[in-house]
Amino acid sequence: MISGKTKITGIFGDPIEHTLSPLLHNSAFRELGLDYCYIPFLVKAERLKEAVEAIRALNLIGVNITVPHKEAVIPYLDEIKEEAKYIEAVNTILNSNGKLIGFNTDVYGFINSIFEEGVTVKGSNILLLGAGGAAKAVAFGILKEGGNLFLFNRTLSKAYKLKETFQKLGSIEIIKKITPDIMRNFQIVVNATSLGLRGNDPMPLEPTLLSRDHVYIDLIYNETPLLKEAKKFGCKTIDGSGMLIWQAAKAFEIWTGKAAPLQMMKKIFKEKKTIDKNI
Ligand SMILES: NC(=O)c1ccc[n+]([C@@H]2O[C@H](COP(=O)([O-])OP(=O)(O)OC[C@H]3O[C@@H](n4cnc5c(N)ncnc54)[C@H](OP(=O)(O)O)[C@@H]3O)[C@@H](O)[C@H]2O)c1
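Rules behind the numbers
- Residues numbered from 1 in each chain as written.
- Predicted model: local features only at pLDDT ≥ 70, side-chain atom pairs only at ≥ 80, totals over all residues.
- Heavy atoms only, no water.
- Helix = DSSP H or I, 4+ residues; strand = E, 2+ residues; numbered from the N terminus.
- Expected span 1.5 Å × (residues − 1).
- Buried < 20%, exposed > 50% of the residue type's maximum accessible area, 1.4 Å probe, protein only.
- Contact = heavy atoms within 4.5 Å.
- Pairing = 2+ DSSP bridges.
- Axes fitted to C-alpha atoms, helices over the stretch in contact; angles between N-to-C directions.

**Q** Whenever I open this one, helix H9 (residues 241–256) confuses me. Can you help?
**A** Because an α-helix completes one turn every 3.6 residues, residues spaced three or four positions apart along the sequence face the same direction. The first and last C-alpha atoms of H9 sit 22 Å apart over 16 residues, in line with the 22 Å expected at 1.5 Å per residue. Counted residue by residue, H9 has 14 buried out of 16 residues, so it is predominantly covered. One or two positions beyond H9, positive phi appears at glycine 257, with a value near 75°.

**Q** How should unusual backbone geometry be read in this particular structure?
**A** Apart from glycine, the bulk of residues carry a negative phi angle, and the bulk of peptide bonds sit in the trans form. For the bond from aspartate 14 to proline 15, the omega torsion is 5°, close enough to zero to count as cis. You can see proline 15 is positioned in the loop between strand S1 (7–13) and helix H1 (21–31). In this structure, proline 68 follows valine 67 across a cis peptide bond, with omega equal to 5°. Take proline 68: it is sitting in the loop between strand S3 (62–65) and strand S4 (79–80). Here asparagine 59, not a glycine, exhibits a phi torsion of approximately 55°, which is positive.

**Q** Would you take a moment to explain the side chain of serine 241 for this structure?
**A** With respect to the element layout, serine 241 can be found in helix H9. Each residue touching serine 241, except ones within four places of it in the same chain, is listed here: Tyr221, Phe269 and Lys273.

**Q** What am I meant to see in the sheet that holds strand S12 (residues 236–238) here?
**A** Through backbone hydrogen bonds, the strands of a sheet pair up, either in parallel or in antiparallel fashion. With respect to topology, six strands assemble into an open sheet ordered S9-S8-S7-S10-S11-S12, the strand pairing being parallel. Of all the strands in the sheet, the pair left with one neighbour each is strand S9 (172–174) and S12. Recorded for the sheet is a direction-independent mean angle of 20° between the axes of neighbouring strands. Two elements, strand S7 (residues 125–129) and strand S8 (residues 148–152), share five bridges in a ladder whose sense is parallel. Within S8, the residue paired with leucine 127 across the bridge is phenylalanine 150. Packing of helix H8 (residues 225–232) onto the sheet brings it into contact with strand S10 (188–191), strand S11 (215–218) and S12, and relative to S11 it is tilted by some 165°.

From the geometry alone we can't say anything about function, so treat these as descriptive.
As structure tokens, then:
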């Protein structure tokens, strides 16, 4: 029940109808008996500044930020955490007594989702496919955890730009062409491109380049052709659903100061995925 004491959180985006975040957060608040509520807000780009000001005016606890506002929101905030500065994207805001602090919880989401699967990052050679927003979160996490990053992207200039920004954090090499020889250097392959999202997408790697010696991680929530193919080799595979849950769990913790009920959130997400194959 919403009362005068209920603390309000939510999400700003456009479109916003398909977001799963209200389901995850409201179920988690209920599970822990917290008097919080999570509301989706359709925010048009031209009203973003006003929407951010409303976080203070309406005394919201904080919000998630989704497409297309993750970069545009930055100038309106009072403090940006290190990871969000590097990634140039904020997906969570905390209203700390009127001071708006921007975080990027995708980094935490990615790292925790692979740690819980027993993946070792420190000292591993990791091939990262992609150089968009999600790839930047993965790159930050891998470098902070002491992994050696090898970066491949369709648009080479974007890979170089990522390297320029992130090389202060650790070892990054650009891969211009992926060959079977080069593949032998890696222990882990991460797909952070959007290839695999649509049914008729080509694979981000030629199937002949796959090897049983690799762990394959795909940020897409469903089992992509890449992961299906990797499973045929008996490889360990991890899809993006863990990252999604863990990034939500971190936002939950930022707002409430409490650990999120992860198992329950995972169960809810799995049930929803079974009902709606398009998430
Ligand atoms: N699990 C999670 O919690 C989570 C969180 C965030 C994102 N994701 C997923 O991660 C993926 C990437 O998201 P994003 O936000 O980083 O998107 P983005 O910023 O638009 O970047 C897209 C990336 O995919 C590459 N790409 C797109 N089409 C391609 C094609 N036909 N061939 C080769 N490369 C192609 C782009 O390469 P160019 O630079 O050459 O265009 C770029 O590197 C999406 O599938 C998204 O669903 C998952």
